[in-house]
Amino acid sequence: MNHPTLAVELADFGSFHAGGRAYRIAGEPVARLQIAPGLQLDHDPNGNYQIESCYVQYWIPRRVSGEPILLIHGGGLSGVCWETTPDGRPGWVQRLVAAGRPVYVADMMERGRAGWCALPDVWDGPAIMRTTYEAWWLFRFGPATDFPLRRAFDGQRFPVDALDAFMKQAVPRWLNNTDAAIAAFSAAIERIGPCTVITHSSGGVYGYRLAFDQPGLVRDVISLEPSTFPGEVPASLVGQRFLHVMGAYLDEVPWSDLDRRTREWAARLERAGALTEHRSLEDDGLPGHSHMFMMGHGNEHVLERVLAWLNERS
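Quick caveat: nothing in here was measured; it's all calculated off a predicted structure. (Residues numbered from 1 in each chain as written. Predicted model: local features only at pLDDT ≥ 70, side-chain atom pairs only at ≥ 80, totals over all residues. Heavy atoms only, no water.)

1. So, the overall build of the protein
Broken down by element type, the protein carries seven helices and twelve strands. The C-alpha radius of gyration of the protein comes to 20 Å, within 12% of the 20 Å expected for a compact globule of 314 residues. For the protein, buried positions account for 52% of its 314 residues. Taking the contacts inside the protein whose residues are at least 6 apart along the sequence as the reference set, 74% of them involve residues at least 24 apart. Across the protein, 29 positive and 37 negative side-chain charges occur, with their mean positions spaced 3 Å apart. (Helix = DSSP H or I, 4+ residues; strand = E, 2+ residues; numbered from the N terminus. Rg over C-alpha atoms; globule rule 2.2 N^0.38 Å. Buried < 20%, exposed > 50% of the residue type's maximum accessible area, 1.4 Å probe, protein only. Contact = heavy atoms within 4.5 Å. Lys, Arg positive; Asp, Glu negative; His and termini not counted. Charge placed at Lys NZ, Arg CZ, Asp CG, Glu CD.)

So, in structure tokens, the structure goes:
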């Protein structure tokens, strides 16, 4: 199937790692390992390692129109979710660059090209991964009972025929690395400079914390169906703006109270002086978007709404 492409002229593109820490192992035995067919090597695990950095890839358009945007993914995924859609259409990365925005896409420490630490006893608990069935009902592609037939919700915009391609994006995740992830993202922000942060799902907590910790660098945060929130709000958030965007089928478990919780969180931000806005894609005339609405058919129209909100301040 042929899909439309976007021609973009770049001034620069590249990548970097940010943050992390040194970790040292001592006193462990040397092991003789078969590292490839016909090749053995003495492996000495003792020494210094670099762990817990995030990976950031960036694209800078030749004609810049607006401040940079940092994209942060949700749980069990990596920055790939912002790129080409599972069925081959342009994703938000391409569309943002075409709109003149410098784009920075992060892979959280432990995810994707940031890599993950295989050393024992560094992180708490085992890694987990998401099954295709869990993604089906959790991301609101269709009723759980209709998964065997892959029968989607009426009006569903997610490309259900590309579900298996989407699941190839799934990566291991650990459940206790929030502080380390925020530290790495903060180091990335310091390198990027003043920017807008767009987050998805459980990545929401990182956008809020970055805004709280780096108010001079993060003025705008756009949270796409945030599922996690920090425990505390600073005393003053004057000058900072927060947009919350919600999709369809939110009456499905476990999302049935997400809209209420998000509005309550926004009220806390407003009491600290922030400006907030709550947008429903259905109310905006964009029905049928699942939890992954950066991938759905019509993802460009969702992005248009987001950019319009950003441009109100420009």
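Anyway, onward from the coordinates.
2. Overview of the side chain of T85
Here T85 lies in the loop between β7 (69–72) and α1 (92–98). Overall, the relative accessible area of 4% leaves T85 in the buried class. A polar atom in the side chain of T85 sits 2.6 Å from the side chain of D87. At 2.8 Å, the side chain of T85 and the backbone nitrogen of R89 are in polar contact. Look past the residues within four positions of T85 in its chain and what remains in contact with it is P90, G91, M294, M295 and N299. (Polar contact = N/O pair within 3.5 Å; in protein donor to acceptor, adjacent residues only side chain to side chain.)

3. Remarks on helix α6 (residues 258–271)
Compared with an ideal rise of 1.5 Å per residue, which puts 14 residues at 20 Å, α6 spans 20 Å between its outermost C-alpha atoms and is within 8% of the ideal. The set of residues buried in α6 consists of L258, T262, W265, A266 and L269. Down the axis of α6, the buried side of the element spans an arc of 105 degrees, and every buried residue falls inside it. In this structure, the buried residues of α6 make contact with α5 (204–213), β11 (241–246) and β12 (275–280). Two residues or fewer after α6 comes G273, characterised by a positive phi angle close to 100 degrees. (Expected span 1.5 Å × (residues − 1). Arc of directions from axis to C-beta.)

4. Details of the pattern of salt bridges
This model, assessed by the stated rule, comprises 20 salt bridges. A salt bridge links D220 to R241; the shortest N-O distance between them is 3.1 Å. Of this pair, D220 sits in strand β10 (residues 218–224) while R241 sits in strand β11, placing them 21 residues apart in sequence. Taking the relative accessible area as the measure of exposure, D220 reaches 0% and is therefore buried. R279 serves as the salt-bridge partner of D284, at 3.0 Å between the closest nitrogen and oxygen. Salt bridges here are not isolated pairs; linked through shared partners, they connect D257, R260, R261 and E264. (Salt bridge = Lys/Arg side-chain N within 4 Å of Asp/Glu carboxyl O.)

5. Notes on the packing of aromatic side chains
One pair of aromatic rings is described through two measures. These are the centre distance and the angle between the planes. Evaluation of the coordinates by the stated rule reveals 20 aromatic pairs. For the ring pair W116 and W174, a centre distance of 5.6 Å and an interplane angle of 35 degrees mean the geometry is tilted. On the criterion of sequence distance, the pair formed by W116 in the loop between β8 (103–107) and α2 (132–138) and W174 in the loop between α3 (163–167) and α4 (178–192) is long-range, its members being 58 residues apart. Judged by its relative accessible area of 10%, W174 falls in the buried class. Through successive ring pairs, a cluster of aromatic residues spans Y133, W136, F139, F141, F147, F158 and F166. Geometry around F16 places R191 over its ring, the cationic atom sitting 4.0 Å from the centre. Its guanidinium or amino end placed over the ring of W309, R241 lies 3.9 Å from that ring's centre, counting from NZ or CZ. (Phe/Tyr/Trp six-rings, centres within 6.5 Å; stacked < 30°, edge-to-face > 60°. Lys NZ or Arg CZ within 6 Å of the ring centre and 35° of its normal.)

6. Quick notes on the packing of α4 against α5
The interhelical angle for the contact between α4 and α5, taken along N-to-C directions, is 55 degrees, at an axis separation of 10 Å. One element, α4, and the other, α5, form an angle in the oblique class. The element α4 and its partner α5 pack so that their crossing is right-handed. The segment α4 lies against α5, with T178, D179, A181, I182, F185, S186 and I189 engaging Y206, R209, L210 and D213. Here the contact of α4 with α5 is composed, by residue class, of six nonpolar, two polar and three charged. (Axes fitted to C-alpha atoms, helices over the stretch in contact; angles between N-to-C directions. Parallel < 35°, antiparallel > 145°, perpendicular 65-115°, else oblique. Left-handed = near helix turned anticlockwise from the far one by under 90°. Nonpolar A, V, L, I, M, F, W, Y, C, P; charged D, E, K, R; others polar.)

7. What to know about unusual backbone geometry
Backbone geometry places R140, a non-glycine residue, at a positive phi of 65 degrees. Position of R140 among the secondary structure elements: in the loop between α2 and α3. Phi angles above zero are rare outside glycine, and E225 is one such case at about 45 degrees. By the secondary structure assignment, E225 is in the loop between β10 and β11.

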